[in-house]
Amino acid sequence: MEDYAHILDYLPQGLPTERGFRKEPVAYALGSTEFKLFELVPKLNVIINLGEVVYIGKDMDKRDKIMHVKRRVGYEELTAGAQSEMPYVVMEIVKENEDLFVKFFNEAESITTRYHVLELLPGLGKKTMWAILEERKKGPFKSFADIAARIPTFKHPEKVVAKRIELELSDPSQKYRVFVSR
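Asker: Help me out: how do you make sense of the sheet that holds strand β3 (residues 37-42) in this one?
Answerer: Hydrogen bonds between backbone groups are what pair the strands of a sheet, and the pairing can be parallel or antiparallel. Taking strand neighbours across the sheet as the criterion, the five strands line up as β4-β1-β2-β3-β5 in an open arrangement whose pairing is antiparallel. At either end of the open sheet lies a strand with only one pairing partner, and these are β4 (53-55) and β5 (66-72). Here the strands of the sheet are splayed against their neighbours by 45 degrees on average, with no regard to which way each runs. Sheet topology places strand β2 (residues 26-31) next to β3; four bridges connect them, and they run antiparallel. If you follow A29 over to β3, its bridge partner there is F38. Across the sheet, helix α1 (residues 80-96) is in contact with β1 (4-11), β2 and β3; its angle to β1 comes to roughly 160 degrees.

Asker: Is there a simple way to think about the pairing of β2 in this case?
Answerer: Within a regular strand, side chains alternate between the sheet's two faces. Burial within β2 is extensive, with six of its six residues counted as buried. The alternating pattern of β2 places V26, Y28 and L30 on one face and A27, A29 and G31 on the opposite face, and all of these are buried. For β1 and β2, the ladder comprises six bridges, and the chain directions are antiparallel. Paired with L11 across the two strands is V26, which belongs to β2. Between β2 and β3, which pair antiparallel one after the other, the connecting turn spans five residues, and F35 there sits at a positive phi close to 55 degrees.

Asker: Is there a simple way to explain the pattern of salt bridges in this structure?
Answerer: Side-chain pairs of opposite charge can arise where the charged atoms are in close proximity. In the structure shown here, the tally under the stated rule is 12 salt bridges. The shortest N-O distance in the salt bridge between E39 and K70 comes to 3.6 Å. Highlighted residues: E39 in strand β3 and K70 in strand β5, separated in sequence by 31 residues. K70 gets classed as partly exposed once you look at its relative accessible area, which sits at 37%. Its salt-bridge partner being R71, residue E77 comes within 2.7 Å of it at the nearest N-O pair.

Calculation notes
- Residues numbered from 1 in each chain as written.
- Predicted model: local features only at pLDDT ≥ 70, side-chain atom pairs only at ≥ 80, totals over all residues.
- Heavy atoms only, no water.
- Pairing = 2+ DSSP bridges.
- Helix = DSSP H or I, 4+ residues; strand = E, 2+ residues; numbered from the N terminus.
- Axes fitted to C-alpha atoms, helices over the stretch in contact; angles between N-to-C directions.
- Contact = heavy atoms within 4.5 Å.
- Buried < 20%, exposed > 50% of the residue type's maximum accessible area, 1.4 Å probe, protein only.
- Salt bridge = Lys/Arg side-chain N within 4 Å of Asp/Glu carboxyl O.

Take a look at the structure:
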């Protein structure tokens, strides 16, 4: 369950497609741990900024900006502004949780006898996958910088992870989900 979410877009006047006199303000957000997409209803007279982290958990006393979670949404339901903000927010989350993603590189296992979970990362081929597996036998990776230093063909692991998360969010037909919850 998500307790915190990063704001992707905020529409204080409500959705332009809504009809009627009273339009409800709406915010689109990306969950911080399971990468779920939400449509949120903010409290009245609050200022919400793009990229801001807001509490959406069950404890109503902690909710200072969000009244309630209206629903989960798919990538295609996001506004164009939310879709364009997503890469920056995803990269921020990946950098904030570096230990979690480095742990992924240290513990990633094969899916089948011929296919490894590391091969799901965009731009990562068999040679780089084998280099990662050989290097982690020598000792666990400590950071993204450590991964980049020990594997010369793999310069920016954080960008590759962020790209995979974006791919899983934008393409619901992905067979394997590595980071994004269903």
